[in-house]
Amino acid sequence: MAGAMIISGKIPLQMPRPSIRCSFSSDPRSLEFVSSPPIHLRRGIKNKLPLKEALFHGQSVCCYRDKTVSCSSSDDLHSSSQESAEVEKGEGFQQWDSMTAKFAGAANLPFLLLQLPQIILNTRNLLSGNTSALLAVPWLGMLTGLLGNLCLASYFIKKMETEAVVVQSLGVISTYVVLLQLAMGGAMPLPHFVATSIIVACGMTLNFLKYFDWLHPEIWRFWEDFVTVAGLSVLPQVMWSTFIPYVPNTVLPGTIAFITSLVAVFMGRMGKLSDKGVKILGSISGWTATVLFMWMAVAQMWTNLLTPDNIKGLSAVSMLLAMIGNGLMIPRALFVRDFMWFVGSAWGSVFYGWGNLTCLYCFKCISPGFYIASTVSFLAWIVLTFSRDSQANGLSSPFVSLKELVFGP
């Protein structure tokens, strides 16, 4: 990546700059050139110009201003004091930038260990012959989470966001191991597991080749089209199937979504869509992956309500790790004003993590002290995140940060 030069006035400063890349561009080699003083750096972030290196490695962009101050003028003295305040604010902003990047990087650890307690618990149940306990883990919910991780891995590979790719890939691998155990225990139909295995193998291989730029662009484009069609087809069908037998057992939702998404992709290929339509189609895969990931929490909680006797087969440590891992991603998603990322992380923390801990507490599977400590810590983390973000950005209230996240600056 080339270094971007920040220009102040008409005098170019020949100083090395951190690499800047727009992670929301379809071409990861495209560059954004910034021409703004430190006081406006926040606007650059909110206008979807995230800095790749700063995003996960905590590096910050330094902006300089070429200005001469004369002590003989009161106006100049006022300007000098104002600029000092701006510099101080910029330091706070950069500190929060670095901290959120470190939080996002630290999320790798809980995500790495996320399914480990569940895998150990499933192994014990399999060895003891207690296969009915595996029914506490809904294979449909795990499947949606796996497909969501796989699609998001492709999404972040296109952005060349290494840490996010690692997080999603770990999610794919660990969730696949759980599905393997469920298939071994008869809690997941074998044909569905075989189809899932083929998709995971192909997806991980293509992601690996794309990351190292060993894949032909047309093959990757075909994979992106496949992810869009598959995601839009699977999502409504999984949503519908979650509530069987309370709804009729039919493949109609998936069939309708498959035909609709296939027509949309073909129209996009033939150039029959408007610019707005192409933009929407390009963002569908990311949102579909996010919703697939979010539905895993819904499926798990629905299973808890239907089969409360089997809830002991659910690992409280896994739910706690899910809450921590997703919670560590929330500050960075808020900082870069990525609404999709924020929604997915917040949903994972609240519903899959804390929500399942609540279910375990209600059925007396965990102690009150464990539940209360988890709840208070999570609430304190959310309050701290919004408070610190508003201070770093010079906003009047934490609610302004939320407003900018949802509606933009």
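Please refer to the structure placed before this passage.
Numbering of residues begins from 1 in every chain and follows the order in which that chain's sequence is written. Selection of residues for local features in this predicted model requires a pLDDT of at least 70, selection of side-chain atom pairs for listing and counting requires 80 or more, and totals for whole chains, interfaces and linings are taken over all residues. Excluding hydrogens and water, the side-chain values take into account all heavy atoms of the structure.

**Student:** What is the right way to read the overall build of the protein chain from this model?
**Tutor:** By definition, any uninterrupted DSSP run of H or I lasting at least four residues is a helix, any uninterrupted run of E lasting at least two residues is a strand, and each is numbered from the N terminus. Counting its regular elements, the protein chain contains 15 helices and two strands. Classification of residues uses two cut-offs on accessible area relative to the type maximum, computed with a 1.4 Å probe and protein chains only: under 20% is buried, over 50% is exposed, and between them is partly exposed. Taking all 409 residues of the protein chain together, 47% fall into the buried category. Sequence separation of at least 24 residues holds for 75% of the intrachain contacts in the protein chain that already meet a minimum separation of 6. Summing over all exposed atoms, the protein chain offers an accessible surface of approximately 19900 Å²; the carbon and sulfur share of this is 68%. Contacts between residues were defined by any pair of non-hydrogen atoms, one from each residue, lying within 4.5 Å. Computed by Shrake-Rupley with a 1.4 Å probe, the accessible areas treat only the displayed protein chains as cover when residues are assessed.

**Student:** Would you take a moment to explain the packing of aromatic side chains for this structure?
**Tutor:** Each pair of aromatic rings is reported with the distance of its centres and the angle of its planes. Stacked, edge-to-face and tilted are the three classes for Phe, Tyr and Trp ring pairs, Trp counted by its six-membered ring, which pair at centre distances within 6.5 Å; planes under 30 degrees apart are stacked, over 60 edge-to-face, the rest tilted. Going through the model one piece at a time under the given rule, you end up with 17 aromatic pairs. Ring centres 6.4 Å apart and planes at 75° place the aromatic pair Trp-96 and Phe-103 in the edge-to-face group. Taken as a pair, Trp-96 and Phe-103 share a single burial class, namely buried. Seen from their ring centres, Phe-342 and Phe-386 are 6.1 Å apart, and the 85° between their planes marks the pair as edge-to-face. In this pair, Phe-342 is assigned in helix H13 (residues 339-362) and Phe-386 in helix H14 (residues 368-392), connecting sequence segments 44 residues apart. Its relative accessible area of 14% is what places Phe-386 among the buried residues.

**Student:** When you look at the packing of helix H6 (residues 139-158) against helix H11 (residues 275-306) in this model, what are you seeing that I'm missing?
**Tutor:** The description of two helices packed together rests on the angle between their axes and the distance between the axes. Interaxial angle, 0 to 180 degrees, is taken between N-to-C directions of lines fitted to C-alpha atoms, where a helix line uses only the stretch in contact. Contact geometry of H6 with H11 gives a least axis separation of 7 Å together with a crossing angle of 155°. Viewed along their axes, H6 and H11 adopt a mutual orientation that is roughly antiparallel. You can see that H6 and H11 cross each other, and the crossing is left-handed. Taking contact as the criterion, the partners of Gly-141, Met-142, Thr-144, Gly-145, Leu-147, Gly-148, Asn-149, Cys-151, Leu-152 and Tyr-155 in H6 are, on H11, Gly-286, Ala-289, Thr-290, Leu-292, Phe-293, Trp-295, Met-296 and Ala-299. Under the grouping applied here, Gly and all other residues not named as nonpolar or charged are polar, the nonpolar ones being Ala, Val, Leu, Ile, Met, Phe, Trp, Tyr, Cys and Pro and the charged ones Asp, Glu, Lys and Arg. For the contact of H6 with H11, the residue count by class is 11 nonpolar, seven polar and no charged. Relative orientations are named as follows: roughly parallel for angles under 35 degrees, roughly antiparallel for angles over 145 degrees, roughly perpendicular for angles from 65 to 115 degrees, and oblique for any other angle. Crossing handedness: left-handed means the near helix sits turned counterclockwise from the far one by under a right angle, and right-handed means the same turn made clockwise.

**Student:** What exactly am I supposed to notice about the environment of Val-166 here?
**Tutor:** When you line up the elements, Val-166 lands in helix H7 (residues 162-184). Among the residues examined, Val-166 registers a relative accessible area of 38% and is labelled partly exposed. Distance from Val-166 to Phe-111, taken between C-alpha atoms, is 9.6 Å for residues 55 residues apart in sequence.

**Student:** Just checking my understanding: could you explain a nonpolar patch on the surface for this structure?
**Tutor:** Among the surface-exposed residues, Phe-258, Ile-259, Leu-262, Val-263, Phe-266, Met-267 and Met-270 lie close enough to one another that they form a single nonpolar patch of about 640 Å² accessible area. Exposure remark for Phe-258: the relative accessible area of 40% places this residue in the partly exposed category. Nonpolar side chains (Val, Leu, Ile, Met, Phe, Trp, Tyr) within 5 Å and like charges within 9 Å form the patches, drawn only from residues with over 30% relative accessible area and no salt bridge. We define a salt bridge as a side-chain nitrogen of Lys or Arg found within 4 Å of a carboxyl oxygen belonging to Asp or Glu.

**Student:** How should I be thinking about the packing of helix H9 (residues 217-242) against H11 in this particular structure?
**Tutor:** At a minimum axis distance of 9 Å, the contact between H9 and H11 shows a crossing angle of 25°. Between H9 and H11, the interaxial angle falls into the category roughly parallel. Crossing of H9 against H11: the hand is left-handed. Along its contact with H9, which presents Val-227, Thr-228, Gly-231, Leu-232, Val-234, Leu-235, Val-238, Met-239 and Thr-242, the element H11 presents Leu-281, Ile-284, Ser-285, Thr-288, Val-291, Leu-292, Trp-295, Ala-299 and Trp-302. In terms of residue class, the contact of H9 with H11 is built from 13 nonpolar, five polar and no charged.

**Student:** Could you clarify how one ought to interpret the pattern of salt bridges in this entry?
**Tutor:** Between side chains of opposite charge, a pair can form when the charged atoms approach closely. Evaluated as defined, the whole model comprises five salt bridges. In this structure, Asp-97 and Arg-332 form a salt bridge, with 2.7 Å as the shortest nitrogen-oxygen distance. Of this pair, Asp-97 sits in helix H3 (residues 74-106) while Arg-332 is found in helix H12 (residues 316-335), placing the two residues 235 residues apart along the sequence. Classification of Arg-332 by relative accessible area gives buried; the value is 1%.

**Student:** Would you take a moment to explain the side chain of Asn-356 for this structure?
**Tutor:** Positionally, Asn-356 belongs in helix H13. Beyond its immediate sequence surroundings of up to four residues, Asn-356 is in contact with Gln-300, Met-301, Asn-304, Leu-314, Met-319 and Phe-351.

**Student:** What should I look at first to understand unusual backbone geometry in this one?
**Tutor:** The bulk of non-glycine residues show a negative phi, and the bulk of peptide bonds are trans. Cis geometry is adopted by the peptide bond preceding Pro-245, which originates at Ile-244 and carries an omega value of 15°. Mapped onto the elements of the fold, Pro-245 is located in the loop between H9 and helix H10 (252-269). We note that Arg-337 has phi near 60°; this positive angle belongs to a residue other than glycine. Here the phi dihedral of Lys-364 falls at roughly 60°; this positive angle occurs in a residue that is not glycine. Tracing the sequence through the fold places Lys-364 in the loop between H13 and H14.

**Student:** It is not clear to me how the side chain of Gln-237 should be interpreted in this structure. Could you clarify?
**Tutor:** Mapped onto the fold, Gln-237 is located in helix H9. Once residues within four sequence positions are removed from consideration, Gln-237 is found in contact with Thr-250, Val-251, Leu-252, Pro-253 and Gly-254.

All we've got here are geometric facts, nothing functional implied.
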